[in-house]
Every structure is written in structure tokens, then in C-alpha cells.
Amino acid sequence: MTVAVRVLVEHYEVFGDRVLRMLAEQERVPALRQIVDGGRALHRDWCTRVFAAALAGRASTVRRRRLAQLVAICDVYVWKLLRRDAGLSRRRSVPALVELLTPILNAP
């Protein structure tokens, strides 16, 4: 999981601020809506693949809730809160995200 979180944080380090700007502008610039929706779908698919083992064998309602939790924790806004708002370093953001994900991934 830590490797996946490092990859995610690195992605946000490169693209996060641009993604945040697009999210902020999507209501004013209709052409951005399709791009943003595609990004949301890609993010959800990434979480589904990366955390497949934690989602496997769950009842559909539990699986759906867990996936929503994982998508939320791995969202660009959480990265923004940790990096930009709280001032955590890139290096410290990784364990912060791992600590948020661990209870979800280890839940029965």
C-alpha cells in the first residue's frame, strides 16, 4: 500500500494544483466538466484496482461503502489539505495517507 500511496502523492505533486484549478473552474467552463468527470472515473478505477484485495469478497453494500471511503481518502482535496493547508512535506504526506487508509483496509 505504501508504494501505491507514494505513486499517488507523486502524481499529485506534478498535477495536483492543475487538477484543483480545473475542479474550481468546471462550473464556469463547461468544457472542463467532461475532463473532470473523466478524471473522477479514472481515480475510482485506480482505487478499485489498487485496493482490490481489500474489496474482494465483501457484500455489495460494504464494498460500495469501502470503495467510496478509499476514493475519498485518496482524493486530491485530501492531498491539498495535507500538503498545502497543513504544510506537511511530500515525505510526511505518504505516512499520513497510509494512516488514514489502514483502518479501512484492515476493517473486517
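None of the values given here were measured: they were computed from a predicted structure. (Residues numbered from 1 in each chain as written. Predicted model: local features only at pLDDT ≥ 70, side-chain atom pairs only at ≥ 80, totals over all residues. Heavy atoms only, no water.)

Novice: Can you tell me about the environment of Asp85, naming the residues and giving the values?
Specialist: Locating Asp85 in the fold gives a position in helix 5 (residues 76–85). Of the residues examined, Asp85 reaches a relative accessible area of 47% and is grouped as partly exposed. For Asp85 and Val62, which are 23 residues apart along the polypeptide, the C-alpha to C-alpha distance reads 32 Å. (Helix = DSSP H or I, 4+ residues; strand = E, 2+ residues; numbered from the N terminus. Buried < 20%, exposed > 50% of the residue type's maximum accessible area, 1.4 Å probe, protein only.)

Novice: Provide a residue-level description of helix 4 (residues 60–73), including the pertinent values.
Specialist: In a regular helix each residue adds 1.5 Å, so 14 residues correspond to 20 Å; helix 4 covers 20 Å between its end C-alpha atoms and thus fits that length. Among all positions of helix 4, only Arg66, Leu67, Leu70, Val71 and Ile73 are buried. All buried residues of helix 4 project into a common sector of 165° when viewed along the axis, lining one side. Exposed and facing more than 90 degrees away from the buried side of helix 4 are Thr61 and Arg64. On its buried face, helix 4 sits against helix 2 (30–50), helix 3 (52–55), helix 5 and helix 6 (90–106). (Expected span 1.5 Å × (residues − 1). Arc of directions from axis to C-beta. Contact = heavy atoms within 4.5 Å.)

All quantities given are derived from atomic positions and should not be read as evidence of function.
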